[in-house]
Amino acid sequence: MPKRFVIALIKHETNTFSPIETPLERFGHGHGPSFGRDARAAFEGSATPMAAYIDLARREGAEIVTPVAAESWPSAAASRATFETLVRPLEDALRAGCDAVFLDLHGAMVVEDCDDAEGEILRRVRAIAPRAPLAVTFDYHTNLSPETVRLADVITGYKTYPHVDMYESGLLAGSILIDAMAGRVKPVLTSGALPVVPSIMRHAPEDGPSGEILAIARAAEASGRVLAATLLPAFAHADTRYTALSVVVVGDAKRPGGEADAVAVKDQMLAVARARHREYAYVPTLLAEDVARARALGSDRRDGPVLLIDHCDNCGSGGTQDVMAVTEEILRQGLDDVAIAPIRDPLAVRKMIAAGVGNNVSLALGGATDMPSIGLAGRPLSISGRVRTITDGEIVFRGPMYTGLKSHLGPTAVLDTGRAQIVITSLHHEPFDLVILRHCGIEPTRKRFIMLKSRIHYRAGFKPIAADIVECQGAGVTSADLSTYRYARLPRPSFPFDPL
Ligand SMILES: [Zn+2]
């Protein structure tokens, strides 16, 4: 009898300050979640933990059961009913019997009545399969609860930002679990947290303390001292009891001293985070100065575009993707040869489709969403131009992030104002792959300026082609300045609101 492996993906990065709702159909990037064979088909062969689990299970000759694969762009907390629709197929699959469970979770999912959705998923798995070997892979932006650590046998997380090692993270978690089932290792978890909420603009390894901490983790894994070591610098935009930087290490209790080594590595990683915690705080800039700096940088050089990063309105962290502040400033300062991607405005796209390619339109672009949590009202931008391109928004990522995975922008149109070409989509989508411009006929390497509604993930596709990068202080519910938000559940004291 082959072993029966249950493999499931339930992922939502919840921005509790976001005004964007999270209905069931938002999963599957606008096409709804996938179940059963469809779940496997949607992710098999992609650069994701789920795909790594499937590959491992196939190698082991196991029966592969994929009850659910559900991933959504970040947004507000999902309803209880939506969450139940995602979790119940997993429970049904476990009830039918399982020899091991492999979960591809986010780590910052909040449900309307539960601020630790991953903890609840593991609790429900354990209620049905109390002794089944259980591996979990988390996103880098995880708010880790002690209960999660108690219930899992193996936890790993991404070590990159942009996240280009999702597959490797799944492969590591899955391999450790399979080794444990064969009696080759005996995983033991140890974790710790610091009351520090790092601003996400300070998360990337090259930008703050994370690089040094991740180097310790990689060295400890490479030397065989521990099976896995993971830094989780938290998701600052989920206001929960567990929003804090944490570290989780998997030791091998089968090896003499293996458990003590895991504790030592965890302590070493946390010590660096403590010593350098001030570098995790973000210092806001001034939008007009940011854009002027980009303009000066792009004035004469032609060795690649200057990127302007509209990081306060990133749909990849729960932003509405329709705050027009940075676009308005770019137009006001007269930057020329600019591509802007993407503004989400389904109504504008409909108007442009009705007008047709080659015709002129006047639009009240973006600004359709109020953000009561931060006291910001939506304000559209009056703009005119020619409809340059219309597409169905169906794309396939070329990498290095999510390579091979299909995605959907919804009907998409390009507005050409003469100086700027603005990509307008119907669905939310963070621009981390050059395909977002190329699929609608804009060659990014030839632009003087490219404005991107992204925070860090743009670096996956766009950093290699950029001459310079300027972070622009716009507005929105992904503002890096954490004093923008009124936290209610975050434990205090917490840095940067209180001293550590
Ligand atoms: Zn992330």
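Residues numbered from 1 in each chain as written. Predicted model: local features only at pLDDT ≥ 70, side-chain atom pairs only at ≥ 80, totals over all residues.

Time to look at the overall build of the protein. Counting its secondary structure elements, the protein contains 13 helices and 20 strands. Each principal axis of the C-alpha distribution contributes one length, and for the protein these read about 70 × 50 × 40 Å. In the protein, which comprises 500 residues, the share counted as buried stands at 58%. Within the protein, contacts between residues separated by at least 24 positions form 77% of all contacts whose residues are at least 6 apart in sequence. (Helix = DSSP H or I, 4+ residues; strand = E, 2+ residues; numbered from the N terminus. Buried ≥ 20, exposed ≤ 12 C-beta atoms within 10 Å, placed from the backbone. Contact = placed C-beta atoms within 7 Å.)

All right, on to the sheet that holds strand β14 (residues 381-391) then. On the basis of which strands lie adjacent, the open sheet formed by eight strands has the order β13-β14-β17-β18-β12-β19-β11-β20 and mixed pairing. Of all strands in the sheet, those bounded by a partner on one side alone are β13 (360-365) and β20 (468-472). When the angles between neighbouring strand axes are averaged without regard to direction, this sheet yields 30 degrees. Across five bridges, strand β12 (residues 338-344) lies against strand β18 (residues 420-425) in parallel orientation. Looking at β18, one finds that Val-338 is bridged to Ala-420. (Pairing = 2+ DSSP bridges. Axes fitted to C-alpha atoms, helices over the stretch in contact; angles between N-to-C directions.)

At the junction of Arg-492 and Pro-493, the peptide bond is cis and its omega measures out at 0 degrees in the coordinates. Residue position: Pro-493 is located in the segment after β20. Going from Phe-495 to Pro-496, the amide bond is cis rather than trans, its omega being 15 degrees. Looking at the secondary structure, you find Pro-496 in the segment after β20.

In contact at an axis separation of 10 Å, helix α9 (residues 287-297) and helix α10 (residues 325-332) are set at 55 degrees when each is read in the N-to-C sense. Comparing their axes, α10 and α9 come out oblique. The chirality of how α9 crosses α10 is right-handed. Side by side, α9 and α10 meet where Leu-287, Ala-288 and Val-291 of the first sit next to Ala-325, Val-326, Glu-329 and Ile-330 of the second. Residue composition of the contact of α9 with α10, grouped by class: six nonpolar, no polar and one charged. (Parallel < 35°, antiparallel > 145°, perpendicular 65-115°, else oblique. Left-handed = near helix turned anticlockwise from the far one by under 90°. Nonpolar A, V, L, I, M, F, W, Y, C, P; charged D, E, K, R; others polar.)

Judged by nonpolar contacts, the single largest core of 165 residues is most densely connected at Ile-7, Ile-176, Val-250 and Leu-308. Ranked by residues supplied to this core, first place goes to helix α6 (residues 166-181) with eight residues. Residue assignment places this core across two domains, with domain 1 (4-280) and domain 2 (287-479) each supplying three or more. Once residues within four sequence positions are removed from consideration, Ile-176 is found in contact with Ala-135, Val-154, Val-185, Pro-187, Leu-227, Ala-228 and Val-250. (Core = buried A, V, L, I, M, F, W, Y, C linked by C-beta atoms within 7 Å. Domains from an automatic or database assignment.)

Turning to the sheet that holds strand β8 (residues 187-194), a few remarks are in order. The pairing of strands in a sheet comes from backbone hydrogen bonds and takes either a parallel or an antiparallel form. Taking strand neighbours across the sheet as the criterion, the three strands line up as β8-β10-β9 in an open arrangement whose pairing is antiparallel. Each end of this open sheet is capped by a strand with a single partner; those strands are β8 and β9 (228-232). Adjacent strand axes in the sheet meet at a mean angle of 10 degrees, parallel and antiparallel pairs treated alike. Here β8 runs beside strand β10 (residues 245-252); their pairing, made up of eight bridges, is antiparallel. Paired with Ala-193 across the two strands is Ser-246, which belongs to β10. Contacting β8, β9 and β10, helix α8 (residues 258-275) runs over the sheet at an angle of about 160 degrees to β10.

What follows covers the domain arrangement of the protein. Per the domain assignment, the segments of the protein are domain 1 (4-280) and domain 2 (287-479). Measuring from the centre of the C-alpha atoms in domain 1 to the corresponding centre in domain 2 gives 31 Å. Taken together, the contacts link 24 residues of domain 1 with 32 residues of domain 2. Partitioned by chemical class, the residues of the side of domain 1 that touches domain 2 number twelve nonpolar, eleven polar and one charged.

Secondary-structure assignment places Ile-450 in strand β19 (residues 449-452). Residue classification places Ile-450 among the buried residues on the basis of 29 C-beta atoms within 10 Å. Residues Ile-450 and Ala-466 lie 16 residues apart in sequence; the distance between their C-alpha atoms is 9.0 Å. Residues within four places of Ile-450 in sequence aside, it is in contact with Pro-305, Leu-307, Ala-339, Pro-444 and Phe-462.

Contact geometry of helix α7 (residues 210-222) with α8 gives a least axis separation of 9 Å together with a crossing angle of 165 degrees. If you check the angle between α7 and α8, you find them roughly antiparallel. Regarding α7 and α8, the two cross each other, and that crossing is right-handed. Each of Glu-212, Ile-213, Ile-216, Ala-217 and Ala-220 in α7 lies in contact with α8, whose residues at this interface are Val-265, Gln-268, Met-269, Val-272 and Ala-273.

Now for the environment of Gly-418. Tracing the sequence through the fold places Gly-418 in the loop between β17 (412-416) and β18. The spacing of Gly-418 and Ser-454 is 36 residues in sequence and 24 Å in space, taken between C-alpha atoms.

This part takes up the pairing of strand β5 (residues 100-105). Most of β5 is tucked away, with six of its six residues classed as buried. With burial as the criterion, each face of β5 is covered, one bearing Ala-100, Phe-102 and Asp-104 and the other bearing Val-101, Leu-103 and Leu-105. Taken together, the six bridges between strand β1 (residues 4-11) and β5 define a ladder with parallel strand orientation. Note that in β5 the partner of Ala-8 across the bridge is Leu-103. Pairing of β5 with strand β6 (residues 134-138), which is carried by four bridges, proceeds in the parallel orientation. Along β6, the bridge assignment pairs Leu-103 with Val-136. In this fold, β5 hands off to helix α4 (residues 117-128), which returns the chain to β6; that crossover is right-handed. (Right-handed = clockwise from strand over helix to strand, strands pointing away.)

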